[in-house]
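One-letter residues, chain by chain:
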Amino acid sequence: RFAAVRDRLAALYEGDKKDAFQGYLAEAEQAFLALDSRRALGALEHAFRLDRGNVELAYFLGETYWNDGDAEAALPFLARVLELEPRHYDALVYSGVIQLERGADERAEELLKRAAALAPEAFLPQLSLGTIHARRGELARAVPFLERAIEIDPAPQALFLLGNVFYEMGKSSAAITQLTAAVKRDPSFEEAYDLLGLALLERGWNVRALAAFRQAQRLNPRSLRYADVVRYLSGSDALPLPEVGGEARALLAQGDERLGRADRRGALTAYRKALALDPENPTLLMSYALVCSELELTQELETVARKVLELAPGERLEATASAALIEALRSQGRFREGNRIGQRLLDEARSSFTKTIAYYEIAYNLAEMEEDLDRALEYAQSSLEHAPDELKPFPLAALGWVHYKRREFDQAVDFLARASELGPTASTLSHLGMALLAAGKEQEAKEVFARARQLAGRGDALGSTMMGLMRESASVLQRVRRGPRR
């Protein structure tokens, strides 16, 4: 991308420091070739200070920061583009979506309406305007924008968002139509299957609902996640982490703050910058692994977890890193490889904490494989026997899931309900809902699925879920290109 615009950036320069300006461009090019985007962007910012009227450079910086996951850094450059060229379509769309993500709906609506007026046939402005109305609770006003987006491009994400709106409006049949179309276009769309199950349940189509929930679970096996372990153990002496110093410490704090605002992409960027300064710090690596887990960046999660294990930071951190690695392997269907890691962890375990995790992970994988459910039950029981109080919800949930796989639904409900009472997670509640539904307890299942949806952030009047999909889906964001450049 930089190579494609470099000559134009140089040609647009207007000033008396041309040699310095070109020097910064050359430095940026070398840094990009060395995969050092931080240094490259720093050089380009120096160049921009010499030529604030260079609209192409301002746009390149804004676009690149956006693609790097740093929307806050992108916004001032995009604002400068719009000062210079108020009809710059791409800058209008990017700025509108960033403002939408920040919760500045009025400013977002203004920018996106201008983009839609420039390009009535463009997909993303229509989708974003629909999102704004939905988030305000103006569901009926959201529908025409989302329907228009689907006419332009029936992308699975757009179909899901419209189905979500219909579901919130109580129109379960219309929701089923859109969600069925979404999973037909993208059979790996776990969120769509999850919501489809709820919509089918509203219609009383229990068999189809259970099939949809099972498909969602197959696509994303919900077990003990690294994030859940940290959530239970952080803030106590149970999981001491090495110190982080200097500039990396400030970046770690920035990442934690963004994670607290559910800005996972922003947190990812901050942690990456911190790791560039201190690449072997287990605290930074584990924070980065947490975000990779929540964003389902499976390959990166696997790489980081293996890195932590190579550093041998102590039994508790190694156990947690092993859980993260097994999770990454599980999501790829590599159950046996995950169980080899779990067995190695069990063989080396000295503490109850480590034994709990090792037994749990092996039991859960065996349940998913459905090859030896008797042994899965034994391992889940062993996990519960060794579990300290703060981890008890996980082996209880594993026992419930193994009983579910054994079609022992009453026992499944019992253990999953106990796990949910001790530490409710979206995963455990989803499993409990499936067990209740299989046991014929439809009304209780509906209530539990609603709690799971709320806990997962999926009942937020379409807010966080919709923005998460828009922000994280490259296939949607690339549709900015569907409109004119000006």
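A brief report on the enclosed structure follows. Predicted model only: the values in this text are computed from it and were never measured.

1. Considering empty space enclosed by the protein
Working step 1: Taken as a whole and assessed by the stated rule, the structure comprises 2 cavities of 30 Å³ or more.
Working step 2: Reported here for the second largest cavity is a volume of approximately 30 Å³.
Working step 3: Considering the residues around the second largest cavity, the lining is formed by Asp194, Leu198, Ser430, Phe449, Ala452 and Arg453.
Working step 4: Looking at the lining of the second largest cavity, the elements that each hand over two or more residues are α12 (190-202) and α26 (442-455).
Working step 5: Per element, the largest residue contribution to the lining of the second largest cavity is 3 residues, and it comes from α26.
Working step 6: Split by residue class, the lining of the second largest cavity holds 3 nonpolar, 1 polar and 2 charged.

2. With respect to the environment of Pro279
Working step 1: Relative to the helices and strands, Pro279 resides in the loop between α16 (264-277) and α17 (282-294).
Working step 2: Taking the C-alpha atoms as reference points, Pro279 and Lys307, 28 residues apart in sequence, are found 9.9 Å from one another.
Working step 3: Non-local contacts of Pro279, meaning those with residues more than four positions away in its chain, are made with Leu285 and Lys307.

3. Focus on the nonpolar core
Working step 1: Formed by 124 residues in total, the largest nonpolar core has its most connected members in Leu44, Leu57, Leu61, Leu127, Tyr404, Leu437 and Phe449.
Working step 2: Of all the elements, helix α21 (residues 352-369) adds the most residues to this core, at 10 residues.
Working step 3: Leave out the neighbours within four places in its chain, and Leu61 touches Leu41, Leu44, Glu45, Phe48 and Phe77.
Working step 4: Residues Ala267, Ala328, Leu329 and Ile341 belong to the second largest nonpolar core, which totals 30 residues.

4. Brief notes about the pattern of salt bridges
Working step 1: Under the criterion given, the structure shown has 31 salt bridges.
Working step 2: Linking Glu315 and Arg350 is a salt bridge whose minimum nitrogen-to-oxygen distance equals 3.4 Å. Remark: Arg350 occurs in the loop between α20 (335-348) and α21 and Glu315 occurs in helix α19 (residues 315-331); sequence separation between them is 35 residues.
Working step 3: The exposure class of Arg350 is exposed, given its relative accessible area of 65%.
Working step 4: Close ionic contact of Arg336 with Glu371 constitutes a salt bridge, the shortest N to O distance being 2.7 Å. Of this pair, Arg336 sits in helix α20 while Glu371 sits in the loop between α21 and α22 (373-386), and the two are 35 residues apart along the sequence.
Working step 5: What emerges from the salt-bridge pattern is a single network uniting Glu109, Lys113, Arg136, Glu138 and Arg141.

5. Remarks on the packing of helix α5 (residues 71-84) against helix α6 (residues 89-102)
Working step 1: Where α5 contacts α6, the axes come no closer than 9 Å and their chain directions differ by 140°. Taken together, α5 and α6 sit at an angle that is classed as oblique. Where α5 crosses over α6, the handedness of that crossing is left-handed. For the pair formed by α5 and α6, the contact residues are Ala71, Glu72, Ala74, Leu75, Leu78, Val81 and Leu82 on the first element and Ala91, Leu92, Tyr94, Ser95, Ile98, Gln99, Glu101 and Arg102 on the second.

The rules behind the values
- Residues numbered from 1 in each chain as written.
- Predicted model: local features only at pLDDT ≥ 70, side-chain atom pairs only at ≥ 80, totals over all residues.
- Heavy atoms only, no water.
- 1 Å grid on protein atoms, 1.4 Å probe; cavity = no way out; pocket = protein on both sides within 12 Å on 5 of 7 lines; lining within 4 Å.
- Points joined across faces, edges and corners; volume = space filled by probe spheres on them.
- Helix = DSSP H or I, 4+ residues; strand = E, 2+ residues; numbered from the N terminus.
- Nonpolar A, V, L, I, M, F, W, Y, C, P; charged D, E, K, R; others polar.
- Contact = heavy atoms within 4.5 Å.
- Core = buried A, V, L, I, M, F, W, Y, C linked by side-chain atoms within 4.5 Å.
- Buried < 20%, exposed > 50% of the residue type's maximum accessible area, 1.4 Å probe, protein only.
- Salt bridge = Lys/Arg side-chain N within 4 Å of Asp/Glu carboxyl O.
- Axes fitted to C-alpha atoms, helices over the stretch in contact; angles between N-to-C directions.
- Parallel < 35°, antiparallel > 145°, perpendicular 65-115°, else oblique.
- Left-handed = near helix turned anticlockwise from the far one by under 90°.

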